[in-house]
Amino acid sequence: MKDAIIGKERFYRRYGVLLSFIIIFSVLSLTTPGFLSLSNLTTVLRQISINGILAVGVTFVIITGGIDLSLGSTVALAGVTAALFARQGGDALILPLIAGITTGLVVGLVNGLIVTRGKVAPFIVTLGMMTILRGTALVVSDGRPVSNLSNAFNAIGGGDLMGIPIPILVFLAVAVVSPVILARTVIGRYVYATGGNEKAAYASGADTDRVKMFVYVICGAFADNAGLVLDSSIKTGQHNEGVNFELDAIAAAVIGGTNLSGGIGKVTGTVLGVLIIGIINNGLDLLNVTSYYQQII
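Predicted model, so just to flag it, every value in this text is computed and none were measured.

## Topic: the side chain of Thr-258
Next, step 1: Looking at the secondary structure, you find Thr-258 in the loop between helix H11 (245–255) and helix H12 (267–286).
Next, step 2: Residue Thr-258 is classed as buried on the basis of its relative accessible area of 4%.
Next, step 3: Ignoring any residue separated from it by four or fewer positions in sequence, one finds Thr-258 in contact with Thr-59, Ile-62, Ile-63, Ala-253, Ile-264, Gly-265, Lys-266 and Thr-270.

In structure tokens:
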């Protein structure tokens, strides 16, 4: 009897998120007209791409037992910085990409350094960074939207490749590469070891400070990708974008089975968490549920 109960617990722990997704998807398919149409499903994937990129990035951090509350502000600052170069660079794309990517990497590096060298709790570090980056975005944009962006830059969020919107392709690339890093590389195994038992991981030869630096840099890099995709989608750089994005990303990771205590989590689960949030939001829109009730649900 006890073995049967343990077996069921293991089954639901392993497949519970997938079963939840299948149930929600099936219910919406049967009750919501137009939900299964190709155009609507493409819309869902496009809408979840930003949260998906951020959620995968923060999954790395959470697995080590950390947290990153600066994601939304990083999106804003990286997007605005890239937009400033896109506005002045004609159809050139290299400078905006370098500017945006560098911004995210530097933010991740600073977060990692303060957490590891300064021995400050990740919650405090990234909470402070959240307001610092938001203020920096206001300063560099002079408090105004950055418009008149180049066509090449706008194509990142508004274009497609072989009929597939580029934001979806970026999300898919992140979702495919990340599990390989976590499951097939030494640094990936150290990420789990650090979150499971940092002292034991250090004793076994893992440079846990370097591992933490790595996950925060990865998280910052993914956040800058999200900022580039977002700003190019709306064709303007906004200093006030990305508000509460970090909460949606963390929610998706936790729904997908990532343990906030560290040591447990998979990118596939995070992707399912992103999809669950996305299809619920989309289904509620199609059913004409008012925004007040949508927040409660």
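## A word on a nonpolar patch on the surface
Next, step 1: On the surface, a nonpolar cluster with roughly 670 Å² of combined accessible area is contributed by Val-106, Leu-109, Val-110, Leu-113, Ile-114, Val-120, Phe-123, Ile-124 and Leu-127.
Next, step 2: The element best represented in the nonpolar patch is helix H4 (residues 94–116), accounting for five residues.
Next, step 3: Secondary-structure assignment places Leu-109 in helix H4.
Next, step 4: For Leu-109, a relative accessible area of 38% gives the class partly exposed.

## Examining a positive patch on the surface
Next, step 1: Together, Arg-10, Arg-13, Arg-14 and Lys-266 make up a positively charged patch on the protein surface.
Next, step 2: Among the secondary structure elements, Arg-14 is positioned in helix H1 (residues 2–31).
Next, step 3: Judged by relative accessible area, which is 65%, Arg-14 ranks as exposed.

Calculation rules
- Residues numbered from 1 in each chain as written.
- Predicted model: local features only at pLDDT ≥ 70, side-chain atom pairs only at ≥ 80, totals over all residues.
- Heavy atoms only, no water.
- Helix = DSSP H or I, 4+ residues; strand = E, 2+ residues; numbered from the N terminus.
- Buried < 20%, exposed > 50% of the residue type's maximum accessible area, 1.4 Å probe, protein only.
- Contact = heavy atoms within 4.5 Å.
- Patch = residues over 30% accessible without salt bridge, like charges linked within 9 Å, V, L, I, M, F, W, Y side chains within 5 Å.
- Areas by Shrake-Rupley, 256 points an atom, 1.4 Å probe, with all protein chains shown as cover.
- Salt bridge = Lys/Arg side-chain N within 4 Å of Asp/Glu carboxyl O.
- Lys, Arg positive; Asp, Glu negative; His and termini not counted.
- Charge placed at Lys NZ, Arg CZ, Asp CG, Glu CD.

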